[in-house]
Each structure stands twice: as C-alpha cells, then as structure tokens.
Amino acid sequence: MTRSGAATAARVPRLLALFVAFLAALVALTVLAGAGVASADEIDTDKYPYRVSGNVKLDGNPLEGVSLTIEGNGIKTEVKTDADGKWAVGVPERNAKYSVTLDETTLPDGIAVVDETDDTPNVKDAEVGPGGRVSVNFFIGEGVRNVTSFADQLVERIVNGLRFGLMLALAAVGLSLVYGTTGLSNFAHGEMVTFGAVMTLVFSRGLGLPIYFAIPIALVLSGLVGYLLDVGLWRPLRKRRTGIVQLMIVSIGLSLAARYVFQYFIGGSTSQLVGADMRPIPLFGSVQLSIIDLVSVGISVVVIVAFAMWLLFTRIGKATRAISDNPSLAAASGIDVDRVVRIVWIMSGALAGLAGVLYAYYRPGIKWDMGAEFLLLLFAAVTLGGLGTAFGALAGAIVIGLIVEVSTLWIPADLKFAAPLVVLIIILLFRPQGILGRRERVG
Amino acid sequence: MDWLQILNNSASSIISPATLAYALAALGLAVHFGYAGLLNMGIAGFMALGAYGYAIGILTFDLPWWAAALLGMAAAAVFALILGIPTLRLRGDYLAIVTIAAAEVLRLLFLTTTFDSVTGSADGLSGYHGSFRASNPIPEGTYGFGPFMYNEIGWWVRILGIIALALAALTVWRLMNSPWGRVLKGIREDEDAVRALGKNVFSYKLTALVVGGVIASVGGIVYALPSAVNPGVYVTSLTFFVYTALLLGGAATVFGPLIGSLIFWVLQTVLGNVLPAAVDAGILPFMSNIQAQTLRFILVGIALMLIVIFRPQGILGNKKELTFVK
C-alpha cells in the first residue's frame, strides 16, 4: 500500500465512527418521532377511492388524539382522531375486510373499549361493501384495558418474522446461486417472484382451476421462464463475454420491461388469491395464523431443507458449489458449467415463483410491482449473508425477515422495509463480506 | 390522428422541465458512472434530496427560493459524503446494492406519516412557489413561437433550468479535461495503477460522488420548480430511467447525457401521444388506452437492454473508452 493509501486507511475508522453516529442519531430521531403519529385525521383518502371512518366518543364527548390502526389488503395505516373525535382512512379495495385496532394506551386513564361479548373488543373487522364506505365505532367506557404485553407482542413479531424470512429465503437462495455461478446480480429476480404469483392468479381466478392445481402449474412455468431466460438471453451474453456490470444493467432493463408487461395484463389494482381472506386461528399468546399461513411455513421449511440436501449431497449440487467457488477450476475438472448454470436458472425460477405465491398470501394481494418492493429485501438478504453463498442467503433472509417484523415494535409500521436496509448498510461497514462470506479484498 | 398536435407536444418536450431535470441527473450520473466508474444506483435519492430540500427550505424554514435551492444541494452533498465513506471501499456490485438501498431508505423516510408535518407524507409538498415567482423579471404574458409558447412562469423555469444545465455541463467538461479528471478516468480504468502512482484514490472517488450528487440534486430541484414534489416520483424506476437516458447518449461524455435525456423525453412524448391516438383510431384493436400508456415503459426496458448489449458506449461515446468497469 502506498502512503496515501495508508493515510486513507487511517482516516477511514474516524469517518466510520462519524457515519455510525449519524445513523444512530437518525434512528433515534425516527424512534422518538414514532411516539407521535401524524396528527392528520384523514389519511390516504385522496390516494384510495374507498374509506373506513369512525368517531371515537366517551359519553357523547369526542376524544382527541386516540390512535387507530387499519390493516388489510396490503395496507397498514395509523390514524389519530381529530378534535371532534373523527377519523378516516382511504383503503384500496371494496368488498373487502379490514381490521381496525384501537390503541387503548392513547385513551384517557381508566378508560377502555368495553364489550362483554368479544374477547378483543379493541379490534374490529370492518367490511367495506359495494358502496365503498364503512364506519366503525367502539364502545368506550370505564373498564380494564386489553393490552397485549410486550413479551406477547415480541413473540408474535418473531413468529411473523420467521414466516417472512423463510419465504424470503426461497427467493434469496436462487438469486444467490445465480450470482455465485454466473456473477450476475439479477435485478429481474423480483419480477420472477411476481411471475409465480401472477400465473397462479391466471390459472386459479382466470381459468377457474382449483388452487392446488394452479400453484404447481405456475411453478413449472416459473422454472420454464428461468430456463428460457438462460438459453435465450444470459447464455448468449456469457458467450459474448459481456461484463458483469453490463449484465446487471441488462437485467435492470429486463426487470423494467417485465414489470410493465405485468401491469399491461393485470392493470394497476390488487387482486387476491383464493383463501387469502381465511380467518386466523389463535395459537398461543397473541399469535394468530390461518391454515394457509401454517401451510406456507410448512412448504417453505420442507423446500428449503430439500434444497439444502440437494446442494450438499447430490452430484449437481456439489458441482454448483464448485462452480460458485471457482468457475475455471470447476470447468477444468470436467464439470459441464453450462449445464449446471441451466439447472441453477430453472431452480432459481421455480423457487422465486413459489416465493411469489407465498408472498401473495402474506401481503396479501397480487400487484404488478410486488416484486420490486421484494427485490431490495432479497438483495439485502443475499448481501448480508455474503454474495454467492446459498447458506449465507438463507441466514441473511431469516435475519432480514426478523428485522422487518420485530422493528415495528419501535418504529412506525410504514418504515419497516427501511429498517433492514439501514441494518444492511451498517453491517457492510464492519463485515463487507457479509455474515457467512469468505474474507477477501472487496474494493 | 392529429399529427400537428403530436408534433407540437413532442417539440415542446425538448425544453420541458422534465427533460432538463433528467439531463442534469444524467450528467451527475455521468460523473459517477461514466467518469469515475462508480455504480451509483441511488440517483433517485439525490434528486429527491434536491427537490425536498428546496420545498422544505421554503415551506418549513421560510428561506428565499435560491437559499432553499442551496439547501437542497447541500443536503445532496452531505448524503454523498455519508454514502461514500462506507461504500467506496466496497466492490462495484456491493456499491450498487448499498446505494439503491440508501435511496429507498430516503424515499421511505419522505413517505412515512411520521414526518407528515414536514414532508407531506404520501401527498408530497406543493405551494412553495411564492418567492420563486416573485423573483421573475419577465413581465406577465405569453411568449414564444410555434410549439414553444409559454407564459412568464413557464419561461422563467425553463431559462433557469437551461442556465443550470449549461453551468453544470461546463463544470463537468472543465473538470474532466483537468488533471483531476484524468486521474479520475485513470481510477475507472485501473484503480491499482493510480494508487501505485501515489494518488489518494478514496478522496478522488469521494469528491466525484459529491460533485455528481450535487448536479443530480439540481436536477431534482428543476423537476420540482414548476409544480409539486411527489414521493411517488423518486422510486427506483426513476434511477433506471436516468440510466437509460445516460447510456443512450453515452456514459463517459458531457453531451451524451443531454442528448440522451432529450431523445428519451421526445420519444416518451411521441409514444405517449401516438399510441393512445392509434388505439382511438382502431389501429391497435387489442389494446386499451391505459395499456397503450404502459407499453411505453415496456419499450423503455427493452431499449435499455438493447443499448447495453449492442451499443454500450451510447450514441456519442468512444468504444475505446472502457465505459463498463470489469
């Protein structure tokens, strides 16, 4: 290293410390601000055509500053009542159910939501009918609050985080393997996720097949898309010896084109898969999951374990890892690199498709740009684990899933996708190679 | 089809604020990506900082419009420093992921209801035009010829935009022909060689990131000058569109970003007018009007792929100059 290089190296820790301090301040600011949600009494009413509204009163007197959360069909909005005790929230879908939760800690002392017939009177279901409007009111009086303890909330978030992380892992391992074997950071991976969900929608809602036929067909098609992309686009580009930055920008173009192709065919609205409105069953503590949620977790675990077995013990799996490690050496020892890459693309496509179907149930809903919001979390997972290592991607995905869900205990829900990205940036400061990545000079 | 109207609209888009804003953003990106070889995927974040800095400066801090514009540029410079310090040590693809993540974090911070009183949350910001319009020296009225007929506000926005663009282009051109610029290009071609010559590579890269970021933030300000700041604009797609405009013109050139943005927006306007008109005239019977609008963006994606595969140096670029680092 030259003198200037050494000087840089010496300066970097100080700059690092500065940077971390800044980030910490930013996070602290966000957490502080999170205590006071927007004072507006009407949220998103311009953005969405339909609305849920209500009026919070105690013995005929309006209560100001009571906070409520409206959740469902891909939205989660917090709102506070105004001086007249009124609130309204715009929602994207009609003929759909939303759950409205009143935060009892924002009520005056000794006051709570009371309803003898309901176990959780502070949570209500609101069904927005064909008229597109519904009002929700709570019985408020003196009584004991229905507060979920912190431990219960934490357990609930962790369970949700694991669900989300496992789903993320399905797509992340594929992305990571493609990177490992071909060096491509595939920005179109998010669209492969959307593709699986959209195809399931086409075959179940569109062609009327039962969901248990529609999903396997969608997965086969997703695998086929992976294969076609490799044969039709990526292999020719590899043969041309196109640089990895060029490949990456090609994948960005592909992602843009694919994203708008979805919008072309399914429009800008959100569609639901069969069974997305299934009622959750209380399991333990405050954890509630529907049958579909449980099946999703089961499928994720089984597929990931099977995939790990494949990677560890089969010939192709070993060849894949060998190519990730050193492509030229692998080719020299007689491995058919092209064939392995083809198989990796097929698996990557099918796994992304499966993740898409599960994500459609998790969000819930299918939208043309659902993959774009998923993609950054995927990259965060893959980078966190160490680019190109499949097991790193698995670990990274679960960490990201947990961060997304658990962080909402402290920060506003609409910032939950920002938390893992901030964590990603911070971790890269200290371990540029990721959690499981091999130490090497990066940069 | 009303060809005259379509021609008018397309010609008018040559000096529209959106074209000028894209040209400035693409010029900033040319400094990052074309000259320094930094794979910055967060250009939308720099533009958002310019736009929000300008609007918040006026609305929250009651600054005059020029001071608010400086605030937006300063915010972008600070963001570049914060982003550059940890990431410039990373390999190119890591840098891309970190910058895209940082831009998305910024967007989410502007979008959250938590800071609604300052950022306007999903509604964005508007109504900050007072001091800017008061400073307009052009008397009231409509001026121009042919397709270029605007009122005094329209002209004021365009004139300032063109001045900003000219200054930025001049700055980049002078910088890149200076010893500093040659070292920067050297870093793009072979970082280790430049380091071996005793140059502080890190500080060159950091300076380039700040310079390009500030130029991109001016693009964001020009975008916000005529109308409003809307958080839905500063998504990752914006970054990709700016990349398309830049690569179309030529990444490591001064005029490439300008030409690229111009072609990008004229084509967008032409297609945005012709396709729906064709649908109305029954030429594309299998398509609805909304689908015709979506088709434009599908074509942008395909164009980006084709440019990168078949003409990576762009319209004006020199094939010998390595525009894509390793």
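Residue positions within a chain follow its written sequence, with the count starting from 1. Chain labels run from A onward and ligand labels from 1 onward, assigned in the order the entries are written. This being a predicted model, a pLDDT of at least 70 is required before a residue's local features are given, and a value of 80 or more before pairs of side-chain atoms are given or counted; all residues contribute to the totals for chains, interfaces and linings.

### Brief notes about the overall build of chain B
Scanning chain B from N- to C-terminus turns up 14 helices and two strands. The globule rule used for comparison is 2.2 Å times the number of residues to the exponent 0.38, while the radius of gyration itself is calculated over C-alpha atoms. Over its C-alpha trace chain B gives a radius of gyration of 20 Å, about what one expects of a compact globule, namely 20 Å for 326 residues. Structurally, chain B occupies a C-alpha span of about 65 × 50 × 40 Å along its principal axes. Put simply, a residue is buried when 20 or more other C-beta atoms lie within 10 Å of its own C-beta and exposed when 12 or fewer do; between those, it is partly exposed, and each C-beta is set from the backbone. Relative to its 326 residues, chain B shows a buried fraction of 54%. Residues are treated as contacting if the C-beta atoms built from their backbones sit within 7 Å of each other. Taking the intrachain contacts of chain B between residues at least 6 apart in sequence as the baseline, contacts between residues at least 24 apart amount to 74%. In this text, helices come from DSSP runs of H or I with a minimum length of four residues, and strands from runs of E with a minimum of two, each type numbered from the N-terminal end.

### Regarding the overall build of chain A
Check the secondary structure of chain A and you find 12 helices and 14 strands. Out of the 443 residues belonging to chain A, those deemed buried represent 47%. Contacts in chain A between residues far apart in sequence, at least 24 positions, make up 75% of those at least 6 positions apart.

### Regarding unusual backbone geometry
Residues and elements named next belong to chain A. That bond from R363 to P364 is cis: its omega, -10 degrees, falls within 30 degrees of zero. Inspection of the secondary structure assignment puts P364 in the loop between helix 9 (337-362) and helix 10 (370-385). Phi is positive for R241, close to 60 degrees, though the residue is something other than glycine. Examined against the element boundaries, R241 turns out to sit in the loop between helix 4 (211-239) and helix 5 (244-266).

### Some remarks on the confidence of the model for chain A
Every residue carries a pLDDT, the predictor's confidence in it, which falls somewhere between 0 and 100. Within chain A, residue pLDDT values average 82, and 85% of them lie at 70 or more. Counted against residues more than four places away or in other chains, residues 30-39 of chain A, with its pLDDT under 50, gives 23 contacts.

### Brief notes about the pairing of strand 5 (residues 67-72) of chain A
Residue and element names in this part refer to chain A. Here six bridges tie strand 5 to strand 6 (residues 75-80), and the two strands are oriented antiparallel to one another. Pairing of G72 across the sheet is with I75, part of strand 6. We treat two strands as partners when DSSP finds at least two bridges between them. Two strands pair when backbone bridges link them, and strand 5 and strand 8 (residues 96-102) are joined in this way by four bridges, in the antiparallel orientation. Bridging from a neighbouring strand, E71 pairs with S99 of strand 8.

### Quick notes on the sheet that holds strand 7 (residues 86-91) of chain A
All names here are of chain A. Strand order in the open sheet made by the four strands is 1-7-2-11, with mixed pairing throughout. Edge strands, defined here as strands with exactly one partner in the open sheet, are strand 1 (42-43) and strand 11 (133-136). Sheet topology places strand 2 (residues 50-55) next to strand 11; four bridges connect them, and they run parallel. Within strand 11, the residue paired with S53 across the bridge is S135.

### Quick look at the environment of M176 of chain B
Residue and element names in this part refer to chain B. Within the secondary structure layout, M176 lies in helix 8 (residues 152-176). As for M176 and A26, which are separated by 150 residues in sequence, their C-alpha atoms are 16 Å apart. Once residues within four sequence positions are removed from consideration, M176 is found in contact with Y35 and G181.

### Some remarks on the interface of chain A and chain B
Contact residues are listed per partner, giving 58 residues for chain A and 55 residues for chain B. If you list the elements that add at least two residues to the side of chain A that touches chain B, you get helix 1 (3-35), helix 5, helix 10 and helix 12 (418-430) of chain A. For the side of chain A that touches chain B, the leading source of residues is helix 5 of chain A, giving 15 residues. Any residue outside Ala, Val, Leu, Ile, Met, Phe, Trp, Tyr, Cys, Pro, Asp, Glu, Lys and Arg is labelled polar, Gly included; the first ten of those are nonpolar and the last four are charged. Of the residues belonging to the side of chain A that touches chain B, the class tally is 39 nonpolar, 13 polar and six charged.

### What about the environment of I85 of chain B?
Residues and elements named next belong to chain B. Tracing the chain through its elements places I85 in helix 4 (residues 65-87). Judged by C-beta crowding, with 21 C-beta atoms within 10 Å, I85 ranks as buried. For I85 and S203, which are 118 residues apart along the polypeptide, the C-alpha to C-alpha distance reads 9.5 Å.

### Quick notes on helix 6 (residues 291-313) of chain A
Given a helix with a known number of residues, its expected span is that number minus one, times 1.5 Å. When the terminal C-alpha atoms of helix 6 of chain A are compared, their 33 Å separation across 23 residues agrees well with the 33 Å that a helix rising 1.5 Å per residue should span. Those residues of helix 6 of chain A not exposed but buried are I292, D293, S296, S300 and F307 of chain A.

### A closer look at the packing of helix 2 (residues 150-182) of chain A against helix 10 of chain A
All names here are of chain A. Every angle, taken between N-to-C directions, lies between 0 and 180 degrees, and every axis is a line fitted to C-alpha atoms, over only the stretch in contact when it is a helix. One way to put it is that helix 2 packs onto helix 10 with a least axis distance of 9 Å and a crossing angle of 65 degrees. Considering how the two elements wind past one another, helix 2 and helix 10 form a crossing that is right-handed. Here L168, A171, A172, L175, S176 and Y179 of helix 2 lie close against helix 10, whose contacting residues are L377, L378, A381 and V382. Residue composition of the contact of helix 2 with helix 10, grouped by class: nine nonpolar, one polar and no charged. Note on convention: the crossing is left-handed when the near helix lies turned anticlockwise from the far helix by less than a right angle, right-handed when the turn is clockwise.

### Re the environment of L88 of chain B
All names here are of chain B. With respect to the helices and strands, L88 occurs in the loop between helix 4 and helix 5 (92-111). Since 21 C-beta atoms lie within 10 Å of it, L88 is described here as buried. Taking the C-alpha atoms as reference points, L88 and V201, separated by 113 residues in sequence, lie 9.7 Å from one another. Aside from chain neighbours lying at most four places away, what touches L88 is F202, K205 and L206.

### Points about the sheet that holds strand 6 of chain A
Residue and element names in this part refer to chain A. Strands sit in the order 6-5-8-10 across an open sheet of four strands; the sheet is antiparallel. Strands with a single pairing partner mark the edges of an open sheet, and in this sheet they are strand 6 and strand 10 (123-128). Averaged over all pairs of adjacent strands, the angle between their axes in this sheet comes to 25 degrees, without regard to strand direction.

### Some thoughts on the pairing of strand 2 of chain A
Residues and elements named next belong to chain A. Extensive coverage of strand 2 is indicated by the burial of five of its six residues. The pairing of strand 2 with strand 7 spans six bridges and is antiparallel. Within strand 7, the residue paired with Y50 across the bridge is V91.

### Regarding the packing of helix 3 (residues 43-59) of chain B against helix 11 (residues 201-224) of chain B
Any two packed helices are characterised by how steeply their axes cross, that is the angle between the axes, and by the distance between the axes. Residues and elements named next belong to chain B. Interaxial distance between helix 3 and helix 11 falls to 7 Å at its minimum, and their mutual angle equals 55 degrees. Classified by the angle their axes make, helix 3 and helix 11 are oblique. Along this stretch, helix 3 crosses helix 11, giving a crossing that reads as right-handed. Seen from helix 3, the contacting residues are I43, F46, M47, A48, L49, G50, A51, Y54 and A55; seen from helix 11, they are G213, A216, S217, V218, G219, G220, I221, Y223 and A224. For classification purposes, angles smaller than 35 degrees are called roughly parallel, those larger than 145 roughly antiparallel, those between 65 and 115 roughly perpendicular, and all remaining angles oblique.

### A few points about the confidence of the model for chain B
Residue and element names in this part refer to chain B. Residues at a pLDDT of 70 or more form 98% of chain B, whose mean pLDDT is 90. The lowest-confidence element of chain B is helix 1 (residues 3-12), averaging 86 in pLDDT; the highest-confidence one is helix 3, averaging 96. In the predicted complex, the global pTM is 0.82; the interface-specific ipTM is 0.91.

### Here we look at helix 9 of chain A
Between its first and last C-alpha, helix 9 of chain A extends 36 Å over 26 residues, near the 38 Å set by a 1.5 Å rise per residue. Among the 26 residues of helix 9 of chain A, 21 are classified as buried, and the element is accordingly described as predominantly covered.

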